[in-house]
Amino acid sequence: MAHKLVGFAHSSNSLNTEYIKKQLLAIANNIEGLATEFANENDSRLTMYNLKPGRLPCLMLFKNDTHKTHINAKLSNEKAIEWTKTHVG
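What counts, and where the lines are drawn
Numbers given to residues run from 1 along each chain, matching the order in which its sequence is written. Where totals are concerned, whole chains, interfaces and linings use all residues; where local detail is concerned, this predicted model gives features only for residues with pLDDT of at least 70, and gives and counts side-chain atom pairs only at 80 or more. Each side-chain value is worked out from all heavy atoms of the structure, with water and hydrogens disregarded. By definition, a salt bridge exists where a carboxyl oxygen of Asp or Glu is found within 4 Å of a side-chain nitrogen of Lys or Arg. Exposed residues in this analysis have more than 50% of their type's maximum accessible area, buried residues have under 20%, and partly exposed residues fall in between, with area computed by a 1.4 Å probe over protein chains only. Numbered from the N terminus, helices here are DSSP runs of H or I no shorter than four residues, and strands are runs of E no shorter than two. Here a residue-residue contact requires only that any non-hydrogen atoms of the pair lie within 4.5 Å. Residues adjacent in sequence count toward polar contacts only when both atoms are side-chain atoms; beyond that, a polar contact is any pair of N or O atoms within 3.5 Å, and within protein one must be able to donate a hydrogen and the other to accept it. A helix is expected to reach a length of 1.5 Å times the quantity of its residues less one.

Caption draft 1: The pattern of salt bridges, seen in detail. One pass over the structure, following the stated rule, counts three salt bridges. Taking the shortest distance from any N to any O, the salt bridge between R45 and E37 comes out at 2.7 Å. Among the ionic pairs, D43 bridges to R45, the shortest N-O distance being 2.8 Å. Residue classification places R45 among the buried positions, given a relative accessible area of 17%. Among the charged side chains, a salt-bridge network with shared partners connects K4, E37, D43 and R45.

Caption draft 2: Molecular detail of the environment of T84. Along the chain, T84 falls in helix α3 (residues 77-88). T84 sits 15 residues away from T69 along the chain, and the two C-alpha atoms are 9.7 Å apart. The residues touching T84, leaving out its near neighbours within four places in the chain, are L5, I27, I31 and L34.

Caption draft 3: Representation of the side chain of N50 in the model. Considering the arrangement of structural elements, one finds N50 in the loop between α2 (44-49) and β3 (58-63). The exposure class assigned to N50 is buried, which follows from its relative accessible area of 6%. Separated by 2.8 Å, the side chain of N50 and the backbone nitrogen of K52 make a polar contact. If we ignore the near neighbours within four places in the chain, the residues touching N50 are R45, C58, M60, H70 and N72.

Caption draft 4: The arrangement of helix α1 (residues 14-30) in detail. The first and last C-alpha atoms of α1 sit 25 Å apart over 17 residues, in line with the 24 Å expected at 1.5 Å per residue. Restricting attention to buried positions, one finds in α1 the residues N16, T17, Y19, I20, Q23, L24, A26 and I27. In the core, the buried residues of α1 are packed alongside β1 (3-9), β2 (35-40), β3 and α3.

Structural data, given as structure tokens:
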């Protein structure tokens, strides 16, 4: 069961882009075997699975390339790790 966490941020906002990239790194360092990926607002998965694709940042969790869940929020690293662990199982 391969999980991947995708972090979305708006490409024109460099602060949010750096924030989400650092958060993905912190999460990956705390959850063994979790793949992470950064994506911007133009990624088709954002509009496919999210009713509010313009609300960024967003963390989206996939299991075997199937959308599992997502959250549109700016979270502390600790809360993001906790949220991800809860949904990875």
